[in-house]
Amino acid sequence: NGTNPTILLCQADKAPAQYRSFIAGMKIPDKAEAFAIDVYTEGKSPVVILAGSDESGVLFAAGRFLLDLKMTKGKLELPANYRIATAPRYPHRGHQIAYRSLAHCYDAWTPDTYEQYMRELAVFGANAFETTSFSPEDRDGPHAKVSKGEMAVAWSRICADYGFDFWLFSSAIGGDGKSIEDQKSAIESRLNTLRAIPHLDHIYLTGGDGGTSHRRPDLMFEWTEKFAKEARKIHPGLGVWVSNQGFGPELNNWFFDYLEREQPEWVTGVVYGAWSRVLLDEQRARVPQQYPIRR
């Protein structure tokens with residue numbers, strides 16, 4: 001009838017001409033993934049405008065809108081004076097996903113099921129997904145629809161399509177006292193995993209998970225740096241994150257001193273994970289400021 005509300009989703013800099021002045025006044029924060037929602041009432045029917053600073057901002061505006069709507073049978077309601085302008089507090093808002101026989105559901109999921117799951121998590125602000133190391137041809141459990149490698153490829157493409165970051169969780173290399181040949185073999189095995197993934201943003205190399213076998217952080221950094229250089233030939237710009245999980249006082253001192261002394265450019269950031277034996281405030285104080293810390 002010409003009076004029904006309209007919902008408009010757009011990037012602020014690509015908005016229809018008639019709304020650009022109004023959107024400029026919505027005060028979208030000048031940050032990645034920022035967005036604003038406001039109701040334009042100057043025409044015959046109200047227009048609910050969801051405007052993002054970038055494509056991801058539009059996605060998260062849609063998610064916030066869905067969460068704030070009052071939904072009843074046959075009706076969607078939003079107050080006429082509703083307005084919001086915001087940006088995420090944290091740059092990495094991730095969720096670790098898996099495809100293995102350790103649950104009552106996801107070992108039977110298809111890539112389409114995962115796409116729906118990941119999209120729905122984006123409603124709540126998720127912008128990253130992380131999986132663990134895998135053997136590309138391995139199938140884990142009788143309900144698996146595809147191999148682990150095929151599922152990782154599907155996740156990678158889903159993340160690329162939606163603008164999510166795709167992460168890989170693996171262990172660091174070199175500090176466990178193994179032979180040079182074993183270390184080279186470990187690097188090549190991880191590189192083969194990376195070659196199987198079409199799109200990868202970050203890799204998280206833990207110093208320990210449930211303890212640590214890396215008793216030589218100096219060798220761990222030496223070999224992990226070699227891996228990082230080769231990994232970036234496969235995925236240019238790959239973020240390489242390290243952790244001191246499981247390290248006692250002496251190993252922690254070496255870890256922090258190395259970062260402070262060498263300021264290695266190949267390290268993207270540090271992960272504060274399970275089995276860390278210092279509190280987060282101390283970790284932040286001892287890690288040079290140019291390295292972000294991810295929980």
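This text follows the structure it describes.
Here the structure is a predicted model, which is why all the values come from computation and not from measurement.

Engineer: Explain helix H4 (residues 148–162) residue by residue, including any values.
Structural biologist: Here H4 is 15 residues long and its end C-alpha atoms lie 21 Å apart, about the 21 Å a rise of 1.5 Å per residue gives. Burial in H4 covers these residues: Lys 148, Gly 149, Met 151, Ala 152, Val 153, Ala 154, Trp 155, Ser 156, Ile 158 and Cys 159. Lining the buried residues of H4 we find helix H3 (111–123), strand E8 (128–132) and strand E9 (165–171). Following H4 by one or two positions, Gly 163 has its phi on the positive side, about 80°.

Engineer: Mind laying out the packing of H3 against H4, listing which residues take part and the relevant values?
Structural biologist: Look at H3 against H4: their axes get within 10 Å of each other, and the N-to-C directions meet at 40°. Considering the angle they form, H3 stands oblique to H4. Note on packing geometry: the crossing formed by H3 with H4 is right-handed. Contacts between H3 and H4 pair Pro 111, Tyr 114, Glu 115, Met 118 and Arg 119 from the former with Met 151, Ala 154, Trp 155, Ile 158, Cys 159 and Tyr 162 from the latter. Looking at the contact of H3 with H4 residue by residue, the classes come out as 9 nonpolar, no polar and 2 charged.

Engineer: Got a sec to walk through the state of the cysteines? Specific residues and values, please.
Structural biologist: Following the criterion strictly, the structure yields 0 disulfides and no others. There is no disulfide at Cys 159, and the cysteine sulfur nearest it, in Cys 105, is 18 Å away. Taking the relative accessible area as the measure of exposure, Cys 159 reaches 0% and is therefore buried.

Engineer: Run through the pattern of salt bridges, naming residues and quoting values.
Structural biologist: Oppositely charged side chains are able to pair whenever their charged atoms sit close together. The full count for this structure, using the stated rule, is 14 salt bridges. Arg 261 is the salt-bridge partner of Glu 262, the closest N and O atoms lying 3.2 Å from each other.

Engineer: Outline the layout of surface pockets, listing residues and values.
Structural biologist: In this approach, a probe sized like a water molecule rolls over the atoms, and the result shows the empty space that is left. Of the pockets and cavities examined, the largest pocket occupies roughly 470 Å³. Mapped onto the lining of the largest pocket, the elements with two or more residues apiece are strand E7 (94–96), E8, helix H8 (280–286) and strand E13 (293–294). A breakdown of the residues in the lining of the largest pocket according to their chemical character gives 9 nonpolar, 4 polar and 6 charged. Lining the second largest pocket are 13 residues, with Pro 5, Pro 46, Val 48, Leu 76 and Leu 78 sitting closest to its centre. Partitioning the lining of the second largest pocket into residue classes produces 11 nonpolar, 1 polar and 1 charged.

Engineer: Report on helix H5 (residues 180–195), specifying residues and quantitative values.
Structural biologist: Because each turn of an α-helix spans 3.6 residues, side chains separated by three or four positions end up pointing in the same direction. With 16 residues, H5 should cover 22 Å at 1.5 Å per step; its first-to-last C-alpha distance of 23 Å lies within 8% of that length. Looking at the packing, one finds that the buried side of H5 touches E9, strand E10 (202–206) and helix H6 (217–234).

Engineer: Now, about the sheet that holds E7: what can you tell me, with residues and values included?
Structural biologist: Spatially, 7 strands are ordered E7-E8-E9-E10-E11-E12-E13 in an open sheet, and the strand pairing comes out parallel. A strand with exactly one partner marks an edge of an open sheet, and here the two such strands are E7 and E13. Summarising the sheet, strand E11 (residues 239–243) and strand E12 (residues 269–271) pair through 3 bridges and their orientation is parallel. Bridged to Val 242 within E12 is Val 270. Across the sheet, H6 touches E10 and E11, and the angle it forms with E11 is around 160°.

Engineer: Before we move on, can you summarise the packing of aromatic side chains with the specific residues and values?
Structural biologist: Enumeration over the complete set of coordinates arrives at 18 aromatic pairs. For the ring pair Phe 247 and Phe 255, a centre distance of 5.9 Å and an interplane angle of 80° mean the geometry is edge-to-face. Owing to a relative accessible area of 0%, Phe 247 belongs among the buried residues under this scheme. A residue is classified by how much of its surface remains accessible, and Phe 255, at 0% relative accessible area, is buried. Measuring from centroid to centroid gives 5.3 Å for Trp 254 and Tyr 258, while their planes differ by 10°, and the two rings are stacked. Remark: Tyr 258 and Trp 254 occur in helix H7 (residues 249–262); sequence separation between them is 4 residues, near one turn of the helix. Judged by its relative accessible area of 11%, Tyr 258 is buried. Clustering of aromatic rings is evident, with ring pairs tying together Phe 221, Phe 247, Trp 254, Phe 255, Phe 256, Tyr 258 and Trp 266. Above the plane of the ring of Phe 60 lies Arg 93, whose end atom (NZ or CZ) is 5.1 Å from the centre. Over the ring of Trp 223 we find Lys 226; its NZ or CZ atom is 4.1 Å from the centre of that ring.

Parameters and conventions
- Residues numbered from 1 in each chain as written.
- Predicted model: local features only at pLDDT ≥ 70, side-chain atom pairs only at ≥ 80, totals over all residues.
- Heavy atoms only, no water.
- Helix = DSSP H or I, 4+ residues; strand = E, 2+ residues; numbered from the N terminus.
- Expected span 1.5 Å × (residues − 1).
- Buried < 20%, exposed > 50% of the residue type's maximum accessible area, 1.4 Å probe, protein only.
- Contact = heavy atoms within 4.5 Å.
- Axes fitted to C-alpha atoms, helices over the stretch in contact; angles between N-to-C directions.
- Parallel < 35°, antiparallel > 145°, perpendicular 65-115°, else oblique.
- Left-handed = near helix turned anticlockwise from the far one by under 90°.
- Nonpolar A, V, L, I, M, F, W, Y, C, P; charged D, E, K, R; others polar.
- Disulfide = S-S within 2.5 Å.
- Salt bridge = Lys/Arg side-chain N within 4 Å of Asp/Glu carboxyl O.
- 1 Å grid on protein atoms, 1.4 Å probe; cavity = no way out; pocket = protein on both sides within 12 Å on 5 of 7 lines; lining within 4 Å.
- Points joined across faces, edges and corners; volume = space filled by probe spheres on them.
- Pairing = 2+ DSSP bridges.
- Phe/Tyr/Trp six-rings, centres within 6.5 Å; stacked < 30°, edge-to-face > 60°.
- Lys NZ or Arg CZ within 6 Å of the ring centre and 35° of its normal.

On their own, these measurements won't tell you what the molecule is for.
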